[in-house]
Amino acid sequence: MPHKIPAFPVLLNASCIPLRGGARLASINAIGDLSHTLETLLDGLTPELRAKHPNTLNLAQRCAERLSEQVDQVSRGSPVTRAQNLINELEYTHALITGNNPPPPVDIKPEPVPTPSPDTNEKSVAPPKEQVRVRADLLNRMISNAGEIGIYRARLEQHNNNLKFNLDELTQTVIRLNEQLRKMNVETEAQMRHRRGEDTPDERMSQDDEIDKQKRELDPLELDRFSTIQLLSRTLSETANDLLNIKSLLGEQYKEMETLLIQHARISNDLQDGLLRTRMVPFSQTVRRFQTLIRQTANVVGKKAELEVVGAEGEMDRNILERMVAPLEHILRNAVGHGIETPEKRRLAGKNEIGKITIIISREGNEVLIEVKDDGGGLNLQAIRNRAIENKLLKPGVHMEDNDLMQLILEPGFSTAEKVTQVSGRGVGTDVAVNEVKQIGGSLEISSKFGYGTSFLIRLPFTLAITQALLVMLGEEIYAVPHATMEGIVRISSQELGDCIAGKLPGYKYADHNYPVRYLGLLLGIANDVPPEGQRTFPLLLVRSGEHRVAIRVDHIIGHSQI
């Protein structure tokens, strides 16, 4: 069955509603009054009434054209003229249709458009910029292509650096060749003098002085006595000079290539940043959703809670924000269900009856930090320990640090709730949330103080389009380690490394943290942890994942790259 297109007045009436609301919201009364009056006329216009009043369609079309002109005036930043004549005609037609027998409309001259003064022009608001809609998949493909351009540029820079290294090697080769040719010429001249029996008694003279004297005493007619070796040496000297000229030309081309790469890097970085900004959205667009969630959850469990967001104007990658909505909702739901106490308990503890949950958005390097904290009762570590023993995650009597004990709440099926409710108790959700964070390339840290609240710190990459990484060498293989997981790069002595492997030292200490030393080849199961002999220092990558830290030893560090 073919789709039936609505009549023009129906379509126009549907478009008047958002236009009227938007105009009222923006305080553009000229558009709001005209669209409101037109909407009033079209609301009560039935097909029978349209047949009795055929001029209504013409009037609606004129109003639509006038509204279009007013919208164009807004887009240009010009003052919007009021269409009072059309408004009066609409009111008259509406009264006529409803049977109120109104008097004929009085023509009112349009209000003169005020001419802005020079001062007004300086203070006038700039017209809004034009906007276009682009499909998300097309935008993502463009961002990926921009990232590939940056990666190829990095490879070109690496090849250009290799060219510079080879040019330096060529320079040293030409210098060595000239030195060898000079020595060969000296030896050839000495042997020629010896065959001619022209040795002088003064044999203590240096070979260079003898050659100079030979050149002064040599008659032009004796040039035919030069051997083939001498001719070859002269030819090799000319070849060495040609190589030096080629080296100079290659050096100039290298400098031109370096200049072009610098310009290309500037343009490609601007292009990449511009495309990435198109995918950035403010975190504030999810605040209302989170506020509604907290209010509904608090009503279900009989508690009082409010949400405060700090840094909501901060921008995030749209894809990352969309994937983080569900994990954040679960964390907020748990903050209300587990963290915030009942109003009676909060009054006894000297707290406000309304619990406070805070979301703090900040930026740290190439990472976006989202901290969710509450002023509730905090994590009950004893209850976590008891439940871990019940679930056979921890043996009785085994000591575990508080930070490691807090991580158990991220295990699948783990919950300290006494009974199952609609909000919590099943132990499902927290593990899914942390897995989603890890899939994005982020990490989750938990800190809590009993009686004062709990904090969840989520570290996320700024964008998923390009990853900044460090290229390292392991044997003959190259691996890339993301910068977001590294806290530093250090070198450890062979003696200290041996003590760490033997267990004499617990690890490498850096910034008041202890990093157990592990070999990357051993972690990947492709090599044994046997340091090569004769090497004095070894590179270490200080890596952190949540509260866990480790120093990873690699064979060599290549350098920075974009992936």
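Residues numbered from 1 in each chain as written. Predicted model: local features only at pLDDT ≥ 70, side-chain atom pairs only at ≥ 80, totals over all residues. Heavy atoms only, no water.

Undergrad: Even after reading the chapter, I still don't get the overall build of the chain, so can you show me in this structure?
TA: The helix and strand inventory of the chain stands at 17 helices and 16 strands. For the chain, the proportion of contacts with a sequence separation of at least 24, taken over those separated by at least 6, is 67%. If you sum the accessible surface of the chain, you get close to 35,200 Å²; carbon and sulfur atoms cover 53% of it. (Helix = DSSP H or I, 4+ residues; strand = E, 2+ residues; numbered from the N terminus. Contact = heavy atoms within 4.5 Å. Areas by Shrake-Rupley, 256 points an atom, 1.4 Å probe, with all protein chains shown as cover.)

Undergrad: Help me understand the side chain of Thr454, please; the structure alone is not making it clear to me.
TA: Along the chain, the position of Thr454 falls in strand 7 (residues 453-461). Within the local environment of Thr454, its side chain forms a polar contact with the side chain of Ser448, the two groups lying 3.2 Å apart. Not counting residues within four places of it along the chain, the set of residues in contact with Thr454 comprises Val372, Lys373, Asp374, Gly378, Leu379, Ile446, Ser447 and Ser448. (Polar contact = N/O pair within 3.5 Å; in protein donor to acceptor, adjacent residues only side chain to side chain.)

Undergrad: What am I meant to see in the sheet that holds strand 8 (residues 468-474) here?
TA: Hydrogen bonds along the backbone pair up the strands of a sheet, which may run parallel or antiparallel. Ordered by their spatial adjacency, 3 strands build an open sheet running 9-8-16, and the pairing between neighbours is antiparallel. Of all strands in the sheet, those with a lone pairing partner are strand 9 (477-482) and strand 16 (556-562), marking the two edges. If you compare each strand with its neighbour and ignore which way they point, the axes differ by 30° on average. Two elements, strand 8 and strand 9, share 6 bridges in a ladder whose sense is antiparallel. Within strand 9, the position partnered with Ala469 by the bridge is Pro482. (Pairing = 2+ DSSP bridges. Axes fitted to C-alpha atoms, helices over the stretch in contact; angles between N-to-C directions.)

Undergrad: Explanation requested: the packing of helix 4 (residues 55-76) against helix 5 (residues 84-98) in the structure shown.
TA: If you want to describe how two helices pack, look at the angle between their axes and the distance between the axes. Close contact between helix 4 and helix 5 brings their axes to 11 Å; oriented N to C, the two are set at 150°. With respect to helix 5, the axis of helix 4 lies roughly antiparallel. Here helix 4 runs over helix 5; the crossing is left-handed. Packed against helix 4, whose contacting residues are Thr56, Leu59, Arg62, Cys63 and Arg66, the element helix 5 presents Leu86, Glu89, Leu90, Thr93 and Ile97 at the interface. Of the residues in the contact of helix 4 with helix 5, the class split is 5 nonpolar, 2 polar and 3 charged. (Parallel < 35°, antiparallel > 145°, perpendicular 65-115°, else oblique. Left-handed = near helix turned anticlockwise from the far one by under 90°. Nonpolar A, V, L, I, M, F, W, Y, C, P; charged D, E, K, R; others polar.)

Undergrad: Would you take a moment to explain the packing of aromatic side chains for this structure?
TA: The description of two aromatic rings rests on the distance between their centres and on the angle between their planes. Applying the stated criterion to the full structure yields 2 aromatic pairs. Seen from their ring centres, Phe283 and Phe290 are 6.1 Å apart, and the 40° between their planes marks the pair as tilted. We note that Phe283, like Phe290, is buried. Lying across the ring of Phe462, Arg363 places its NZ or CZ 3.6 Å from the centre. (Phe/Tyr/Trp six-rings, centres within 6.5 Å; stacked < 30°, edge-to-face > 60°. Buried < 20%, exposed > 50% of the residue type's maximum accessible area, 1.4 Å probe, protein only. Lys NZ or Arg CZ within 6 Å of the ring centre and 35° of its normal.)

Undergrad: Please explain the pattern of salt bridges as it appears in this structure.
TA: Pairs can form between side chains of opposite charge whenever their charged atoms are close. Scanning the entire structure with this criterion turns up 23 salt bridges. Residue Asp137 is joined to Arg135 by a salt bridge in which the shortest nitrogen-to-oxygen separation is 3.1 Å. Of the residues examined, Arg135 reaches a relative accessible area of 51% and is grouped as exposed. Three or more residues are tied together by salt bridges with common partners; here these are Glu364, Glu367, Glu445, Arg459, Glu487, Arg544 and Arg549. (Salt bridge = Lys/Arg side-chain N within 4 Å of Asp/Glu carboxyl O.)

Undergrad: How should helix 16 (residues 494-502) be read in this particular structure?
TA: Working note: α-helix, 3.6 residues per turn, so residues spaced by three or four point in the same direction. Where helix 16 is concerned, the buried positions are Leu497, Asp499 and Cys500. End-on view of helix 16: buried residues confined to an arc of 160°, all on one side of the axis. Facing away from the buried surface of helix 16 by more than 90 degrees, the exposed residues are Gln495 and Ala502. The inward-facing, buried residues of helix 16 contact strand 10 (486-493), strand 13 (517-519), strand 14 (537-545) and strand 15 (548-553). (Arc of directions from axis to C-beta.)

Undergrad: What exactly am I supposed to notice about the pairing of strand 6 (residues 443-449) here?
TA: Looking down a regular strand, the side chains alternate between one sheet face and the other. Note that strand 6 and strand 7 share 7 bridges and pair antiparallel. Counterpart to Lys449 in the pairing with strand 7 is Gly453. Counting the residues in the hairpin turn of strand 6 and strand 7 gives 3 residues, including Gly451, whose phi is positive at 95°.

Undergrad: Explain the environment of Leu542 to me, please; I cannot follow it from the model alone.
TA: Within the secondary structure, Leu542 sits in strand 14. A residue is classified by how much of its surface remains accessible, and Leu542, at 0% relative accessible area, is buried. In the structure, Leu542 is positioned 25 residues away from Val517 in sequence and 9.1 Å away in space, judged by C-alpha atoms. Once residues lying within four places of it in the same chain are set aside, the contact partners of Leu542 are Thr485, Met486, Glu487, Gly488, Val490, Tyr508, Tyr510, Tyr515, Val550 and Ala551.

Undergrad: What exactly am I supposed to notice about the sheet that holds strand 13 here?
TA: Reading across the sheet, the 4 strands line up as 10-14-15-13 and stay open at both edges, with mixed pairing between neighbours. Looking along the sheet, the strands with just one partner apiece sit at the ends: strand 10 and strand 13. Between one strand and the next, the sheet's axes are offset by a mean angle of 35°, whatever the strand orientation. Here strand 13 pairs with strand 15 via 3 bridges, running parallel. Each residue of the ladder has a partner; that of Tyr519, found in strand 15, is Arg553. Lying over the sheet, helix 16 contacts strand 10, strand 13, strand 14 and strand 15, oriented at roughly 105° with respect to strand 10.

Undergrad: Before we go on, may I ask you to explain the nonpolar core in this structure?
TA: Within soluble globular proteins, side chains that are nonpolar tend to cluster in buried spots. Counting residues in each nonpolar core, the largest one holds 46 residues, and the members touching the most others are Phe283, Ile357, Ile359, Ile370, Ile458 and Leu460. Those residues in contact with Leu460 that sit more than four places away from it in its chain are Met316, Ile320, Met324, Asn366, Glu367, Val368, Ile370, Val437, Ile440 and Gly442. The next biggest cluster of nonpolar side chains, apart from the first, holds 17 residues, and it includes Ile28, Leu34, Leu45 and Ile87. (Core = buried A, V, L, I, M, F, W, Y, C linked by side-chain atoms within 4.5 Å.)

Undergrad: Help me out: how do you make sense of helix 5 in this one?
TA: Counted at 1.5 Å a residue, the expected span for helix 5 with its 15 residues is 21 Å, and the 21 Å between its end C-alpha atoms agrees. Listed in full, the buried residues belonging to helix 5 are Leu86, Ile87, Asn88, Leu90, Thr93, Ala95 and Ile97. (Expected span 1.5 Å × (residues − 1).)

Undergrad: I'm lost on a nonpolar patch on the surface in this one. Help?
TA: Residues Leu243, Ile246 and Leu250 make up a contiguous nonpolar surface patch of roughly 210 Å² in combined accessible area. Looking at the secondary structure, you find Ile246 in helix 9 (residues 228-278). What makes Ile246 partly exposed here is its relative accessible area of 44%. (Patch = residues over 30% accessible without salt bridge, like charges linked within 9 Å, V, L, I, M, F, W, Y side chains within 5 Å.)

Undergrad: It is not clear to me how the confidence of the model for the chain should be interpreted in this structure. Could you clarify?
TA: Where the model shows low pLDDT, its predicted coordinates should not be examined in detail. Overall, the predicted model of the chain reaches an average pLDDT of 78, with 80% of residues at or above 70. Here residues 1-11 is a poorly scored stretch, pLDDT under 50, and it has 7 contacts once near neighbours within four places are set aside; other chains count. Note on residues 108-125: pLDDT is under 50 here. Beyond four places in sequence and across chains, it has 9 contacts. (pLDDT = per-residue confidence, 0-100.)

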